[in-house]
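Chain by chain, the residues run as shown.
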Amino acid sequence: MSSVAGQLPLEGMPRRLYSCTPSRLNTWLDCRRRYRFTYLDRPQPSKGPAWAHNSVGASVHNALAGWWREPYERRTPLTASILLTNGWINEGFKDVEQSGRWLGRACDLVSGYVATLDPTDDPVGVERTVATRTKVIAVSGRIDRLDRRGDELVVVDYKTGRRPLTQDDARSSLALAIYAIAASTMMRTPCHQVELHHLPTGEIVEWRHTDESLARHLHRAEDLASEAAEADERYRAAVQAPPGTTRRAPQGRRETVGPPEVPAEVDALFAPSPGPICSWCDFRRHCPEGQAAGPDRQPWDGLAE
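### Some remarks on the overall build of the protein
Of regular secondary structure, the protein possesses ten helices and six strands. Taking 19 Å as the expected radius of gyration for a compact globule of 305 residues, we find that the protein reaches 22 Å, a close match to that expectation. Each principal axis of the C-alpha atoms in the protein carries an extent, and together these give about 65 × 50 × 35 Å. Counting the 305 residues in the protein, one finds 42% classified as buried.

Okay, here's the thing in structure tokens:
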């Protein structure tokens, strides 16, 4: 029997592993329309402008990663400030004055934070990519920092947002749990503890998983992956272009790329999840439901002014 392009797997046939990151799984969980725009539509629908709070977060993460790559004698608060200044991402701010003010704040954050660290206590990994697989998923992600404490590994994730964190943020994080599982698998070393280091307050929020709680997170990831994989296959079967045709993005930065037309039954698989978070969505311009769910935001509104 000849195969049909785009058909779903026959019943009983093994399904290809769903390759993903925790971010992809969380996007599917949060809003399926945003998932489609992010991971399936090609060319990708045009995004809105950059967010200033994301620029701050990325700049801080890059500076802290660079700090650990310096020789011991240069791992000082001043070096952290220099690294941040040299790598400052100047996108999304209202004006040069606001960017400069936040650069100063961010320098205080990173210099104050690294002052609490032992510069000779090298992490096992910085911006370390880890991966694992099951019968359902092949999942990978990048850890901000992986420490060794005694005979175990500890996952450390930096946070720069204005919202205070709770222990539940660490306990319920799918990403942190997957990082712990993947790190333990790759390095053959137990990893149960995960930590959120909130630089604005200096607070460290930690959670110690059990083998059972990590297994629950992994099963949850598999369930999400199975749902997303089935929707992906139906999308690709419906949107597959005829042979010899290509959907091209318009030339020029000012032109907007919209999402492609799909059958109603496929569009229903990627229904939006309207809520307050829609005000911060990169694809807001393409989503009437999201526009109705919350007001427009300026690119710098996420800063704690």
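### A word on the pattern of salt bridges
For side chains bearing opposite charge, pairing can occur when the charged atoms are close. Counted under the stated rule, the structure contains 18 salt bridges. Linking Arg-74 and Glu-70 is a salt bridge whose minimum nitrogen-to-oxygen distance equals 2.7 Å. One salt bridge connects Arg-149 with Glu-195, and the closest N-O pair in it is separated by 2.6 Å. Within this pair, whereas Arg-149 is found in strand β3 (residues 137-149), its partner Glu-195 is found in strand β5 (residues 191-198), the two being separated by 46 residues in sequence.

### Quick word on helix α1 (residues 22-30)
Every buried residue of α1 is accounted for by Pro-22, Arg-24, Leu-25, Thr-27 and Trp-28. Next to the buried residues of α1 lie β1 (18-20), α2 (32-39), β3, α7 (174-187) and α8 (211-239).

### Thoughts on the packing of helix α3 (residues 52-69) against helix α4 (residues 77-86)
Helix packing for two helices is described by the angle between their axes and how far apart those axes are. Running from N to C, α3 and α4 cross one another at 130°; their axes reach a closest spacing of 8 Å. Judged on the interaxial angle alone, α4 and α3 are oblique. Classified by chirality, the crossing of α4 by α3 is right-handed. In this structure, α3 uses Ser-59, Val-60, Ala-63, Gly-66 and Trp-67 to contact α4, whose residues at the interface are Thr-79, Ala-80, Leu-83 and Leu-84. Classifying every residue of the contact of α3 with α4 by side-chain character gives six nonpolar, three polar and no charged.

### Some remarks on the nonpolar core
Note that soluble globular proteins tend to have their nonpolar side chains buried in a common cluster. Judged by nonpolar contacts, the single largest core of 41 residues is most densely connected at Tyr-18, Leu-25, Val-155 and Phe-270. Residue contributions to this core peak at ten residues, all from α7. Dropping the residues within four chain positions of it, Tyr-18 is found in contact with Arg-24, Leu-25, Tyr-35, Val-136, Ile-137, Ala-138, Ala-225, Ala-228, Ala-229 and Asp-232. Counting 25 residues, the second largest nonpolar core, distinct from the first, contains Trp-67, Cys-107, Tyr-158 and Leu-199.

The rules behind the values
Residues numbered from 1 in each chain as written. Predicted model: local features only at pLDDT ≥ 70, side-chain atom pairs only at ≥ 80, totals over all residues. Heavy atoms only, no water. Helix = DSSP H or I, 4+ residues; strand = E, 2+ residues; numbered from the N terminus. Rg over C-alpha atoms; globule rule 2.2 N^0.38 Å. Buried < 20%, exposed > 50% of the residue type's maximum accessible area, 1.4 Å probe, protein only. Salt bridge = Lys/Arg side-chain N within 4 Å of Asp/Glu carboxyl O. Contact = heavy atoms within 4.5 Å. Axes fitted to C-alpha atoms, helices over the stretch in contact; angles between N-to-C directions. Parallel < 35°, antiparallel > 145°, perpendicular 65-115°, else oblique. Left-handed = near helix turned anticlockwise from the far one by under 90°. Nonpolar A, V, L, I, M, F, W, Y, C, P; charged D, E, K, R; others polar. Core = buried A, V, L, I, M, F, W, Y, C linked by side-chain atoms within 4.5 Å.

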